[in-house]
Protein chains: 2
Amino acid sequence: MSPPESPLHTLRSCLAGRPVGLVGLGLLGGSIGLDLKARGVPTVALAHRARTVERARQRGLADVVSTDPAVLRGAGLVVLCLPLDRLLAPTPQLLSALPRQALISDVGSVKGPVLAAWQAAWPGRFIGGHPMAGTTAAGVDAGQPGLFQGRPWALTTAETTTPSADLQLLQALVSVLGARAIHCTAQDHDHAVALVSHLPVLVSAALLHTVAGERNQPIRRLAESLASSGFADTTRVGGGNPRLGVLMASHNRQALGQALGRYREGLETLEGLVREERWDQLCAALQRSQALRQQMIGP
Amino acid sequence: MSPPESPLHTLRSCLAGRPVGLVGLGLLGGSIGLDLKARGVPTVALAHRARTVERARQRGLADVVSTDPAVLRGAGLVVLCLPLDRLLAPTPQLLSALPRQALISDVGSVKGPVLAAWQAAWPGRFIGGHPMAGTTAAGVDAGQPGLFQGRPWALTTAETTTPSADLQLLQALVSVLGARAIHCTAQDHDHAVALVSHLPVLVSAALLHTVAGERNQPIRRLAESLASSGFADTTRVGGGNPRLGVLMASHNRQALGQALGRYREGLETLEGLVREERWDQLCAALQRSQALRQQMIGP
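These numbers come from a predicted model, not from an experiment.

1. Things to note about the pattern of salt bridges
Summed over all chains, the structure comprises 21 salt bridges over all chains. Between Asp-35 of chain A and Arg-39 of chain A there is a salt bridge, with its nearest N and O atoms 4.0 Å apart. Asp-85 of chain B is the partner of Arg-243 of chain B in a salt bridge, and the nearest nitrogen-oxygen pair spans 2.6 Å. Within this pair, whereas Arg-243 of chain B is found in helix α11 (residues 242–251), its partner Asp-85 of chain B is found in helix α4 (residues 84–88), the two being separated by 158 residues in sequence. By relative accessible area, which is 45% here, Arg-243 of chain B ends up partly exposed. Take Asp-85 of chain B: its relative accessible area is 29%, and that puts it in the partly exposed class.

2. Comments concerning helix α13 (residues 279–297) of chain A
Residue and element names in this part refer to chain A. Here α13 is 19 residues long and its end C-alpha atoms lie 26 Å apart, about the 27 Å a rise of 1.5 Å per residue gives. Every buried residue of α13 is accounted for by Trp-279, Leu-282, Cys-283, Ala-285, Leu-286, Ser-289, Leu-292, Arg-293 and Met-296. Within two residues after α13, Gly-298 carries a phi angle of roughly 95 degrees, on the positive side.

3. Section: the nonpolar core
Membership of the largest hydrophobic core comes to 82 residues, with the highest contact counts inside it found for Tyr-263 and Leu-282 of chain A together with Tyr-263 and Leu-282 of chain B. Every residue in contact with Leu-282 of chain B, bar those within four places of it in the chain, is listed here: Leu-202, Val-246 and Ala-249 of chain A together with Leu-270, Leu-273 and Val-274 of chain B.

4. Here we look at the sheet that holds strand β7 (residues 152–156) of chain B
Whether parallel or antiparallel, the strands of a sheet pair through hydrogen bonds between backbone atoms. Residue and element names in this part refer to chain B. Pairing within the open sheet is mixed, and its eight strands lie in the order β3-β2-β1-β4-β5-β6-β7-β8. Looking at which strands have only one partner, the edges of the open sheet turn out to be β3 (64–66) and β8 (180–183). In this sheet, adjacent strand axes meet at a mean angle of 25 degrees when their direction is disregarded. On top of the sheet, helix α2 (residues 27–38) reaches β1 (20–23), β2 (43–46), β4 (77–80), β6 (125–131) and β7; it is set at about 155 degrees to β1, its chief contact.

5. Structural notes on the pairing of strand β7 (residues 152–156) of chain A
All names here are of chain A. Among the five residues of β7, five are classified as buried, and the element is accordingly described as predominantly covered. Residues Pro-152, Ala-154 and Thr-156 line one face of β7 and the alternating positions Trp-153 and Leu-155 line the opposite face, and both faces are buried. In this structure, β7 lies alongside strand β8 (residues 180–183), joined through four bridges in parallel fashion. Looking at the pairing, Leu-155 lines up with His-183 of β8.

6. Topic: the relation of the copies chain A and chain B
Taken as rigid bodies, chain A and chain B are interconverted by a rotation of 180 degrees and an axial shift of 0.0 Å, the fit giving an RMSD of 0.0 Å. Such a turn and shift between the copies fits a two-fold axis. Taking the C-alpha atom as reference, chain A places Thr-234 of chain A closest to the rotation axis, 2.1 Å from it. When the interface residues of chain A are mapped onto chain B, 100% of them are again interface residues, pointing to one common binding face.

7. Considering helix α1 (residues 7–15) of chain B
Residues and elements named next belong to chain B. Within α1, the full set of buried residues consists of Thr-10, Leu-11 and Leu-15. One side of α1 carries all its buried residues, which in axial view fall inside an arc of 125 degrees. The inward-facing, buried residues of α1 contact β1, α2, β4 and α7 (164–176). Positive phi appears at Ala-16, one or two residues downstream of α1, with a value of about 50 degrees.

8. Describing the packing of helix α12 (residues 253–275) of chain A against helix α8 (residues 186–212) of chain B
Running from N to C, α12 of chain A and α8 of chain B cross one another at 130 degrees; their axes reach a closest spacing of 9 Å. Judged by the angle between their axes, α12 of chain A and α8 of chain B are oblique. Helix-helix and strand crossings are classified by hand; for α12 of chain A and α8 of chain B the assignment is right-handed. Contact with α12 of chain A, carried on its side by Ala-259, Arg-262, Tyr-263, Gly-266, Leu-267, Leu-270 and Val-274 of chain A, involves Leu-202, Val-203, Ala-205, Ala-206, Leu-207, His-209 and Thr-210 of chain B of α8 of chain B and no other residues of that element. Of the residues in the contact of α12 of chain A with α8 of chain B, the class split is 10 nonpolar, three polar and one charged.

9. Here we look at the sheet that holds strand β5 (residues 103–106) of chain A
Judged by pairing direction, the sheet is mixed, and its eight strands sit side by side in the order β3-β2-β1-β4-β5-β6-β7-β8 (chain A) without closing on themselves. Bordering the open sheet on either side are β3 (64–66) and β8 of chain A, each of which pairs with just one other strand. Going across the sheet, the axis of each strand differs from the next one's by a mean of 25 degrees, ignoring polarity. Both strand β6 (residues 125–131) of chain A and β7 of chain A contribute to a ladder of four bridges, which runs antiparallel. Opposite Pro-131 of chain A, over in β7 of chain A, you have Trp-153 of chain A as the bridge partner. Helix-sheet contacts for helix α6 (residues 112–121) of chain A involve β4 (77–80), β5, β6 and β7 of chain A, and the interaxial angle to β6 of chain A is about 160 degrees. Sitting on the sheet, helix α9 (residues 217–226) of chain B is in contact with β7 and β8 of chain A, with an inclination near 160 degrees to β8 of chain A.

10. Regarding the domain arrangement of chain A
Residues and elements named next belong to chain A. Partitioning chain A into structural domains gives domain 1 (7–184) and domain 2 (189–297). With 16 residues of domain 1 in contact, the opposing surface of domain 2 contributes 12 residues. Inspection of the region where domain 1 meets domain 2 yields four residue pairs in polar contact (both at pLDDT 80 or more). Among the secondary structure elements, those contributing two or more residues to the side of domain 1 that touches domain 2 are α4 (84–88) and α6. Here the side of domain 1 that touches domain 2 takes three residues from α4, the largest share from any one element.

11. Description of the interface of chain A and chain B
Tallying the contact residues gives 89 residues for chain A and 89 residues for chain B. The largest per-residue losses of area from chain A upon contact with chain B belong to Leu-226, Arg-293 and Met-296 of chain A, which jointly make up 8% of the total buried on that side. Applying the counting rule to chain A against chain B returns eight salt bridges. Put simply, Glu-271 of chain B and Arg-264 of chain A hold a salt bridge, and the shortest N to O gap is 2.7 Å. Counting every contact that joins chain A to chain B gives 22 residue pairs in polar contact (both at pLDDT 80 or more). Where the side of chain A that touches chain B is concerned, the elements lending two or more residues are β7, β8, α8 (186–212), α9 (217–226), α10 (229–234), α11 (242–251), α12 and α13 of chain A. Examining the composition of the side of chain A that touches chain B, we find that 21 residues originate from one element, α8 of chain A, more than from any other. Here the residues of the side of chain A that touches chain B sort into 46 nonpolar, 25 polar and 18 charged.

What counts and how
Sequence order as written defines the numbering, with residues in each chain counted from 1. Here chains are named by letter from A upward and ligands by number from 1 upward, in the order in which they appear as written. Given that this is a predicted model, residues contribute local features only at a pLDDT of at least 70 and side-chain atom pairs are listed and counted only at 80 or more, while totals for whole chains, interfaces and linings are drawn from all residues. Side-chain metrics rest on all non-hydrogen atoms present in the structure, leaving aside hydrogens and water. Any Lys or Arg side-chain nitrogen located within 4 Å of an Asp or Glu carboxyl oxygen qualifies as a salt bridge. Secondary structure follows DSSP: runs of H or I at least 4 residues long count as helices, runs of E at least 2 residues long count as strands, and numbering of each begins at the N terminus. Exposure classes here rest on a 1.4 Å probe applied to the protein chains alone. A residue is buried below 20% of its type maximum, exposed above 50%, and partly exposed in between. One less than the number of residues in a helix, times 1.5 Å, gives the span that helix is expected to have. Here the nonpolar core consists of buried residues drawn from Ala, Val, Leu, Ile, Met, Phe, Trp, Tyr and Cys, with membership extended through side-chain atoms lying within 4.5 Å. Should any heavy atoms of two residues lie within 4.5 Å, those residues are counted as being in contact. When DSSP finds two or more bridges between a pair of strands, those strands are recorded as paired. Axis definition: a line fit to C-alpha positions, over the contact stretch in the case of helices; interaxial angles, taken between N-to-C directions, run 0 to 180 degrees. The superposition of copies rests on a least-squares fit of C-alpha positions from residues with pLDDT of 70 or more in both. Directions from the helix axis toward the C-beta atoms define the arc. In these notes the angle categories are as follows: under 35 degrees is roughly parallel, over 145 is roughly antiparallel, 65 to 115 is roughly perpendicular, and the rest is oblique. Take the far helix as your reference; a near helix turned counterclockwise from it by less than a right angle gives a left-handed crossing, and one turned clockwise gives a right-handed crossing. Any residue that is not Ala, Val, Leu, Ile, Met, Phe, Trp, Tyr, Cys, Pro, Asp, Glu, Lys or Arg is counted as polar, Gly included; the first ten are nonpolar and the last four charged. Where each domain starts and ends follows an automatic or database-derived domain assignment. Two N or O atoms count as a polar contact when they lie within 3.5 Å, although within protein this holds only if one can serve as hydrogen donor and the other as acceptor, and sequence-adjacent residues are included solely when both atoms are side-chain atoms. We define buried area as the total accessible area lost by two parts upon association, computed with a 1.4 Å probe and summed across both.

Below, the structure is given as structure tokens:
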């Protein structure tokens, strides 16, 4: 029995000498570029602005960076690392820049609407992707090596129509970047990220609003000065990019609305336990949340 | 003009050769002990169990560790690093172990009830304290060097009855540990921590319950596998020690209840914006939370 191929070897043989194309060199595009470059996988990148191109070249985000769509011509796989609104309304320029023979993927945080848009606009092969990795950083200086290490990366490949060679190529890319591929339908993805990604943004933002809404000014200032690591952690995602938050909410409105309703019910239960001083039941509820987090995230 | 004294120098001269006493060697007591030892401040510690004493000696958490209350006899300052329930009901054994000439402080996360209990039970000097530093770790192995570095440490010294020498001693201790002393009344403290410490625990726990309550099992499992750093951060405090959570809630019930009510209103506002697709207003709300976090926590 021969040993299993390494993901890097698989990626190289699937690409057969063609580069990976990146469209957009923000946090995600830049991070993919840095990691692929470090592993010797050839990359080409299309950026919107001349200034981005210049900075991306300085940072070595890809082997070739250009504002000229022709840069993508020879790519075997193109990953669209664009904001959700630009993914949802691909321009004729973008569509004509993409090589027909290449597999196209993306990194958008909502998958149903992206797949619908691309199924309508793009005659070639497309598999949706979503790396679950984010920081508050954005722009051409945000990309960092190792961003995807150990992170989940959803691939909307559950449709039976996905060719297995395409799946193998994309899975190899994800593995080379150190991420774990999670296969699911676009609908299930959107439902699941409403719970673990989009809901936390609003839950966390509301916490910041509550402190800011404290009408007693000295208490508000005291609260701000006493806020420490726990508050910083709980509010991190609520302090993220507002535009990204609105894009997520508006394109995943139904699942997010459902999650918000369920969350409110759960919080009302806890509020009732506090109001009625049912401490044994509150303790049981907090034991449950402790065990759940242990199981989901680890210690 | 002579240069200002260093906090370590002030602490040493206030103590005049007497050691700092610690009661309890869990996360907070152990961390205080390690830092004081590293700075050459003599420490003595009282622990409840022989096994804790043995392990504390191995770890070097204090110069002298014992289950014998007499260990505290010569201390100039004693910090009670006990769980809130034990702080609220000091035993006769504990009270008789404390030296009458020493300044007593504590690290309890609620201050009104602690001050009330100690004003009733203790004839000597007492200043309440609360370092805003926590990890999920607990027990004799939890203490770590540098835990308080840069963290706020509330001191309930706003009462005019606090002797300034006592204040100077405690403030020197806090500074030597690298923390920032924040002076406030017990009532203001409890109101403020309801917002930035106790409310986040329930907000975060409810998020875990929402994921766990997803009735569609495959979606629940998918959500669990897609949960990443954002979800981990938002749920950290909700996965903490349940007993501590209940002690905080039960002894700060009124302020927490009020904070929960305000929070629920704030969240309902955001829910309404999503339901009614008022994206500009949602964007403004998220811009506000981004700016608030920047201002409170930094980038």
